[in-house]
Amino acid sequence: MLRGQVPLPARWLRPVSVTAVEFHLPSLAPATVLYAVQTHAQLLQGAQPGATIAPAAAGASAANPCALGITFFPPGADNKPTGWTQPAQANVGNTASDQMVKTALAGYPVPMLYMAPVSVFTQVNGAVPGQCMGGTVDGVLTKPAHFTITWALAGAGGVIGPFTKGSKQDPPANVTLSAVPEIPDGDYCLQLKMDVVPGSGSAAVGTQMVPVPSAPQSITRQVCFIKMASRPTANVTFRSCNTSFAVDLMGITPKPMFANPQLPLFSTVFHVWGKLNRTFDRSPQADNLLDYFDQYVKWSDPASPPFLQVLMESPGLLNGYYNVWIEGSLATTYPDIVSLFGLDQYDDGSAKYMGVSLRNSSNRPVPIQTVRSKIADLAGPDIPVQMGQAATFTWETQGYGEQFCYVDGQKVANTADVVSGGMSVAGGRSAGVAVSNQTCSSRVAQQQQQQQDYG
């Protein structure tokens, strides 16, 4: 596992369609519940769906002790998936509690994000600077201010709350995205806006109780993620009758994804391996040839075309029929922020997800031939063939391919009464009958091999 400091992700937004979002609310009084279910138009005033909410100040500071901050890791929080937890974020260099490095998730477990305000107006028994109350005398917060959360996720939006920070009865506020398992795979950003309700808290200044805050406070953030529930796919083509053997993988999905330009989320990997099932015939072959192959190919750069190739240079393999297996998967060196299906491990120790078989031993064996097919022996009549007379020829082939009979340079159809050897003969002895309307005494029927690829 690689760990180290990396830049925090830029705030990207790519609008997508969402059908429903569900939230968990702590127990609220009836009047509070009514507040949380306003009309859709009212709900979206604070955060329009699909619109990027610009980040506000990070919170209180010496220069501005009254500013509102936010944390995604309040005490008692149990963010889901694991990539949204504080240890996972720290492992990829994020030490800020109000930001999230982009993650990849499948939707299970259902994403749940906790949050809480960081404010002098929500910390019970905490000091409230006089300047935050319009005066010079400091006070002590006796009643925490209420806050609401406005969300927007590409076409849907809402407000939940008000919540009260500091109550022993109320767990931290959370947003539960129950629609994520059903939405299409893609790039998403959850927009968030937190508002502290003016006058909903109280601070003791001497013997006086002062309503706080005196004016509305807001802070905005966004949390981006890749939804990925589909397993890798590719169109497979074998190039098995040439001086080399190749497997072309085209139209690959999904493309590699990055949390930011310096932090890859995952790459798309294909494992292609094969084992000799049987040779074409008993003909001797060259020495030092292998009867198996095993290669990995990886698509790591999303700017490159969705094409990979496994290549075995000639004369590396014994010629014959091979059982071929192909597996697709997603690889990452940052499993802390990748919550996808089927966690496993590659030989190099990197994390493996979403493994799927594209081809296995139940598929037809692949003929691999890196030398030309040839006729080893051809025999015909010992005497001249008269006009219109049938002539029988026998031959022996080495290699793979279809057989065709040519008489006087003209291709004769592969029918049983013309070429009894049939099609796709791979070695062995065959016989055929050729009929010519011309004198055949000086001509010989020719057999040619036409190579074919099989998948």
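Residues numbered from 1 in each chain as written. Predicted model: local features only at pLDDT ≥ 70, side-chain atom pairs only at ≥ 80, totals over all residues. Heavy atoms only, no water.

> I'd love a proper account of the pattern of salt bridges, names of residues and values included.
Taken as a whole, this structure holds 7 salt bridges when the rule is applied. Ionic pairing is found between Asp98 and Arg221, a salt bridge with its closest N-O pair at 2.6 Å. Of this pair, Asp98 sits in the loop between helix 3 (86–91) and strand 2 (103–105) while Arg221 sits in strand 12 (residues 217–227), placing them 123 residues apart in sequence. Comparing Asp98 with Arg221 shows no difference in burial state: the two are buried. (Salt bridge = Lys/Arg side-chain N within 4 Å of Asp/Glu carboxyl O. Helix = DSSP H or I, 4+ residues; strand = E, 2+ residues; numbered from the N terminus. Buried < 20%, exposed > 50% of the residue type's maximum accessible area, 1.4 Å probe, protein only.)

> Outline the sheet that holds strand 6 (residues 146–152), supporting the account with residue identities and numerical values.
With mixed pairing, 6 strands are arranged side by side in an open sheet as 7-6-9-12-2-20. Edge positions in the sheet fall to strand 7 (157–164) and strand 20 (338–339), since each has one partner strand and no second. As defined by bridge partners, strand 6 adjoins strand 7 across 6 bridges and the pair is classed as antiparallel. In the sheet register, Thr150 faces strand 7, and the bridge partner there is Val159. (Pairing = 2+ DSSP bridges.)

> Requested: an account of unusual backbone geometry, with residues and values cited.
Look at the link from Val212 to Pro213: it is a cis peptide, with omega at -15°. That bond from Thr253 to Pro254 is cis: its omega, -5°, falls within 30 degrees of zero. Within the secondary structure, Pro254 sits in the loop between strand 14 (245–253) and strand 15 (257–260). In the Ramachandran plot, Asn125 falls in the positive-phi region, its phi being about 70° despite a non-glycine side chain. Along the chain, Asn125 turns up in the loop between strand 3 (112–118) and strand 4 (127–128). A positive phi angle is found at Met354, which is not glycine, with a value near 60°. Position of Met354 relative to the elements: it lies in strand 22 (residues 351–359). On the basis of relative accessibility, which here comes to 0%, the residue Met354 falls in the buried class.

> If you had to explain the environment of Asp187 to someone new, which residues and values would you point to?
Looking at the element boundaries, Asp187 is found in strand 9 (residues 186–196). The exposure class of Asp187 is buried, given its relative accessible area of 16%. Placed 85 residues apart in sequence, Asp187 and Lys102 show a C-alpha to C-alpha distance of 9.9 Å. Among the polar contacts made by the side chain of Asp187, one reaches the side chain of Lys102 at a distance of 2.8 Å. (Polar contact = N/O pair within 3.5 Å; in protein donor to acceptor, adjacent residues only side chain to side chain.)

> Can you tell me about the sheet that holds strand 3, naming the residues and giving the values?
Pairing in this open sheet of 3 strands is antiparallel, and the strands run 1-3-8 from one edge to the other. This sheet does not close on itself; its edge strands, each paired only once, are strand 1 (69–71) and strand 8 (173–176). For this sheet, the mean angle separating the axes of adjacent strands, direction not counted, is 30°. Sheet topology places strand 3 next to strand 8; 4 bridges connect them, and they run antiparallel. The residue bridging Tyr114 from the neighbouring strand is Asn174, located in strand 8. (Axes fitted to C-alpha atoms, helices over the stretch in contact; angles between N-to-C directions.)

> Quick rundown of the environment of Ile183? Include the residues and the values.
Looking at the secondary structure, you find Ile183 in the loop between strand 8 and strand 9. Here the alpha-carbon distance between Ile183 and Met228, two residues 45 residues apart in the chain, equals 9.8 Å.

> Give a detailed account of the packing of aromatic side chains, specifying residues and quantitative values.
Counted under the stated rule, the structure contains 9 aromatic pairs. Ring plane angle 10° and centroid distance 5.9 Å describe the contact between Trp273 and Trp325, whose orientation is recorded as stacked. On the criterion of sequence distance, the pair formed by Trp273 in strand 16 (residues 263–279) and Trp325 in strand 19 (residues 320–332) is long-range, its members being 52 residues apart. Overall, Trp273 belongs to the partly exposed group, its relative accessible area being 26%. Classification of Trp325 as partly exposed rests on a relative accessible area of 21%. (Phe/Tyr/Trp six-rings, centres within 6.5 Å; stacked < 30°, edge-to-face > 60°.)

> Can you break down the state of the cysteines residue by residue, with the values?
All chains considered together, the criterion is met by 2 disulfides. In this model Cys66 forms its disulfide with Cys132; the gap between the sulfur atoms is 2.0 Å. Taking the sign of the S-S torsion, -90° for the link of Cys66 and Cys132, the bridge is left-handed. Taken together, the residues span a long stretch of sequence, with Cys66 in the loop between helix 2 (40–43) and strand 1 and Cys132 in the loop between strand 4 and strand 5 (139–143) at a distance of 66 residues. Side by side, Cys66 and Cys132 carry an identical accessibility label, which is buried. When the bonded cysteines of the chain are counted from the start of the sequence, the pairing works out to 1-2, 3-4. (Disulfide = S-S within 2.5 Å.)

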